[in-house]
Every structure is written in C-alpha cells, then in structure tokens.
Amino acid sequence: MAKKSAATTPKKGRRKTNYGETTTPQSLIKASLFSSSLPGIILAAGVAFWYRYQSSGGDKNVVINSGSSTNGVDTQPPPYYIPTPGSWDDGYYSLPIPGQNFPSTHAILYPNGGIGEPTEANFENEEEFLSAGRLYNDLGQIVQSRFHFENGTALYFGPTRPGTHFQWPAVTVGHKRLVPGVVGGTGTQIELETLTEPTSEKYSAPRVFYVHNFLSAEETDELIRFSTADENPYKMRPSTGGTHKAWDEGGEKARITTRTSENAFDMETQNAANIKRRAFRLMRLGGYNEALADGIQILRYELGQAYGAHHDYFPEHQSDDYNWDPLKGGSNRFATIFLYLSDVEYGGQTVFPLIDKLTPEKSEELVKRLGEAPSKEMLKKFAADAGLNENSWEDRLIEKCYEKFAVPPRRGDAILFYSQRPDGKLDRNSFHGACPVLKGTKWGANLWIWNACRYASCSVDPLNPVGELPKEMRAPYEGGHVQ
C-alpha cells in the first residue's frame, strides 16, 4: 500500500478526477456542473457559507472573512468553523495553513482508513471541494477548505454509508501523531502510534494503534478500587466469554476454560463516564451516545492467568432477536480500547497471533520496553512457577506471545484496535489474546464501542440498529462544517 504523509507526491498511473466534471470516481461524490465565471463561483460560495452561518443562528465560532481575491483567485479562506476550546468537537476541524495565501488545487484522496486505491483530485473552487463530501486529514480533522491543506496532501474520505464510521488511517507503521483537542487524564495530549498497516488483502493485519497518555494514575486507581468495592453491583467475579447476556440474565454462568481471569464492570461512576467520553472523542465520533458503549470491563489477571485468542465481536448469527451484522444494518463491536491499569514485570502482553512479531522498525520504543524474549528454559521455569502444565493452552500461548506481534502493558496507556473494517465487514484478523502473567499481577480494562446501538439498548427496532443512529453519527456527511 502506498505510504501516506502530509504531502504526498502524485504517482504515475493514479486515477485522476477533476471535480468540475460531471463524472466522478466514487458514488459518494456528487456530480457537479459549474459556471465558467470564477468570480461568480466565488460569490456563490461566499453566499452559501453565509447562508450556512445565518441558518445556524449566527454561530459565534464561525470566522467570517472578507473573501478577497487577486486576479479572480481567492487570496483569503472562506468562512470556517473554530470550535470552542473544551467543547465536544474541539480539534475536530482543520484550520488554514499559516502563510498560505492561495487555495490548494489538488490532493490525493484515499478511502476511509486509507485502504484502497488513491485518486488524484483537482478542485477549481470551494464548491467543487465541498462536493467531494466529508474529507479528513491524517490528524483525524474534517478539512473545511482548500486553504486548509497543501497541494499533494493525502486526504481521506469519510464513511460512506450509515453504520460505518471514521477510522484512523495508519499512514505508515511507526507513525506518531498528537490527536488535536483530545487530552488524557493528566491533561497531556493523547498521542496515537501506528503499530500495523492494514491492506485490502484477505489476511491483512488488523488496524492497531498504541495510545499514549490515555489515563491518569488516579483514574487507573479508581477503576481498580471500584472493581472490588461493595457498592459496585458488578464487582469482581470469575470472567465469562462468548455471551451477549448480562450477568443478571444468565451471562454470569457463561464461563469458558480458556479465560481464567476475573472481571468486574463499572457501569455508572463519573470516572467511567469521563473515560468513555474521551474514548468517543478519540474515535472522532460526532457525539457521545451511551447506547453505543458497553460498561467498562475491569480485569484482574493473577499469576498464570490468561485469555486464549478470540474476537471481541459476536458472530453474525449470535441470536435471532438482534441484527449482529453491520453489513446488513446491524450492529456489533466496532472497536476496542484496551486500557492498561498496571505494569507487569513478565508476561501479560496483548498478543495478535496471526501477525508477525513486533520489530524495531515498527516501534523501537515498544520493542525496547518488551525487552529480549526470555530463553526457552526461563519460559519453562516461569510456566512451572505459575502452575501451568507443559503443552497446556496457556503454555502454547506463551510461545505465541514471544514469537508473534504482542504489545506489553504500561500503566496509563492503551491500545486501540478495530473489530470492523471501514466498510463494516467484521475483521477476522482482529484475533487476539491476553498472554499469561508470568510474574506479578496484571490489571486492565476493556472499553468496547459499537457501530450502532448495542444489544438490548435499541429503543425502536433491534433488527435495525443502524436506523437509530443520531444525525451526527449517521454517514454519509456533507463536506466542510455542517451544523
């Protein structure tokens, strides 16, 4: 797959699109016919922006420019939206490139998430740019104008149908970006680091990111404290697996032999609410909706405990009383943000056994922190000390944890991985497991986000969850800022 960066050089043989033409390369893009009079187009664009401004009640966050031009070419960006600091969409929107006095005229457009063949696009004016629909830059910001990117920049289409959502583009393995507007529990800006580079191939790696600075020490301590507190009706007990039922509906009995940890749920505390809202903002969702989030599942892995490789999503035919298939208007777990609540001296990694081992080229920092793999003799001793039988499923999993792609835990950080591809198809390659703890205790937490109302949370029709998505979460979207 072509590498993406802030400025991508157009490549020979790429498909080209002139947005003034009536034929467009993707069904999302609206066909457009424009007058040959550029000043008239500039005036029309200005009127359109002014109308949008007035119809929004004169939003104070919309910057109104004079729309000046030189020789018929725009020299100032059209009106653009600046969210209030600390508001939900703070950091969601692009701003003009400093010192850029003329609009950009071409960009390289990738599908949502960056998977697929790119298109070279030409934009003669603002209306042509907006006709492409919602476009994102690699910071996950909605691009509002041709003044907000440089020529040749890689931009990404937004989701194209209801029930699909923005997915962070990988750009390239090892790529790091500070997420605009999203800060962790310590007030430090969250940083997203690319760990895998998915492709359109059948056996592609899943989309995995390391999330730096997600939680504060106080937040991790409070999750751990509440997990065993008497006031928590869902306090710590043996973990279950494969069930969509709540504990009070029989789900507590769904125990499996390949999951030996204990878990609790935080369904209602302010701490959990703050963390879930932060997760939704990291995912660039249009707002917070409790129906799209499970309660935070807090996990405790004692010495030797583990969870065999599995998927976080449910099978498409999990039950008949709900539509589990995102490709058919249903809902399922869209993404997991796994929170690391403690450090672990040995073991406790999150392993993706279908992916090759992490290398310094992918993430030198994580490889260094993971350290050298213990010798086979040492691993055997660790397993024996943990009470694990030779050739048990835990013993075989330990081998995968040091031979395949695995991420070590670090308190306060997280990993983000998607259980669905950008088109809504369940990603079979998101197969992952929790490595046995070989020394110490591991605390972690699952934060699951669904693509529409989750099981038992739809208020109208559980066979059509996507139909209940609010406007701000329902793709496709118009280009630029839309109230």
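What you see is a predicted model, and the numbers here were worked out from it, not measured in a lab.

Engineer: Got a sec to walk through the confidence of the model for the chain? Specific residues and values, please.
Structural biologist: Per-residue confidence for the chain averages 86 on the pLDDT scale, and 82% of its residues sit at or above 70. Low pLDDT, under 50, characterises residues 5-13; the stretch is placed with 20 contacts to residues that sit more than four places away or in other chains. Confidence drops under a pLDDT of 50 for residues 22-60, and excluding neighbours within four residues, the segment shows 56 contacts in the predicted structure.

Engineer: Describe in detail the state of the cysteines, supporting the description with residues and values.
Structural biologist: Here the structure, examined in full by the defined rule, presents two disulfides. For C401, the disulfide goes to C435, at an S-S distance of 2.0 Å. Disulfide C401-C435: the torsion about the S-S bond is -110 degrees, which places it as left-handed. Separated by 34 residues along the polypeptide, C401 in helix α7 (residues 393-403) and C435 in the loop between β22 (432-434) and β23 (437-439) bring together distant segments of the chain. In this pair, the class of C401 matches that of C435, namely buried. For C453, the disulfide goes to C458, at an S-S distance of 2.1 Å. What sets the handedness of the C453 and C458 disulfide is the S-S torsion sign, and at about 90 degrees it is right-handed. Each of the two residues, C453 as well as C458, counts as buried.

Engineer: Now, about the sheet that holds strand β24 (residues 442-450): what can you tell me, with residues and values included?
Structural biologist: Across the sheet, nine strands lie side by side as β10-β11-β12-β21-β17-β24-β15-β14-β13; this open sheet has antiparallel pairing. Edge positions in the open sheet fall to β10 (176-183) and β13 (237-238), since each of these has one partner strand only. Note that strand β12 (residues 208-212) and strand β21 (residues 414-418) share four bridges and pair antiparallel. Counterpart to Y210 in the pairing with β21 is I415. Against the sheet, helix α3 (residues 217-227) engages β14 (262-266), β15 (296-301), β17 (333-340) and β24, with an angle of about 110 degrees to β14. Where helix α5 (residues 360-370) meets the sheet, it contacts β10, β11 (189-194) and β12, and its direction lies at approximately 100 degrees from that of β11.

Engineer: Pulling in residues and values, what's your account of the nonpolar core?
Structural biologist: In summary, soluble globular proteins display a tendency toward joint burial of nonpolar side chains. F214, L339 and L416 are the most contacted members of the largest nonpolar core, which totals 60 residues. Not counting residues within four places of it along the chain, the set of residues in contact with L416 comprises W168, L192, R207, V208, F209, V211, M283, A335, T336 and I337. Counting 19 residues, the second-largest nonpolar core is a separate cluster that includes L195, Y301, F338 and V344.

Engineer: Tell me about the packing of α3 against helix α4 (residues 270-282), and please be specific about residues and values.
Structural biologist: Running from amino to carboxyl end, α3 crosses α4 at an angle of 125 degrees, the nearest separation of the two axes being 10 Å. The orientation of α3 with respect to α4, classified from their angle, is oblique. Crossing of α3 over α4 shows left-handed handedness. Residues E219, E222 and L223 of α3 pack against N271, I275 and R278 of α4.

Thresholds, definitions, all that
- Think of each chain on its own: its residues are numbered from 1, step by step along the sequence as written.
- Restriction of local features to residues with pLDDT of at least 70 applies here, the model being predicted, together with a cutoff of 80 or more for giving and counting side-chain atom pairs; totals for whole chains, interfaces and linings are based on all residues.
- Based on all heavy atoms of the structure, the side-chain values leave hydrogens and waters out of the count.
- A score between 0 and 100, pLDDT records how confident the predictor is in each residue.
- By definition, residues are in contact when any of their heavy atoms lie within 4.5 Å.
- Cysteine sulfur pairs qualify as disulfides if the two atoms are within 2.5 Å.
- Helix and strand assignments follow DSSP, with helices taken as H or I runs no shorter than four residues and strands as E runs no shorter than two, numbered in order from the N terminus.
- Throughout this description, buried means an accessible area under 20% of the type-specific maximum (1.4 Å probe, protein chains only), exposed means over 50%, and partly exposed covers the range between.
- For two strands to be treated as a pair, DSSP must find no fewer than two bridges joining them.
- Axis geometry follows a simple rule: fit a line to the C-alpha atoms, using only the stretch in contact for helices, then measure angles between N-to-C directions, giving values from 0 to 180 degrees.
- In this text, buried Ala, Val, Leu, Ile, Met, Phe, Trp, Tyr and Cys residues form a nonpolar core when linked through side-chain atoms within 4.5 Å.
- Our angle categories are set so that under 35 degrees counts as roughly parallel, over 145 as roughly antiparallel, 65 to 115 as roughly perpendicular, and the remainder as oblique.
- By convention, the crossing between two helices is left-handed when the near helix turns anticlockwise from the far helix through less than a right angle, and right-handed when the turn is clockwise.

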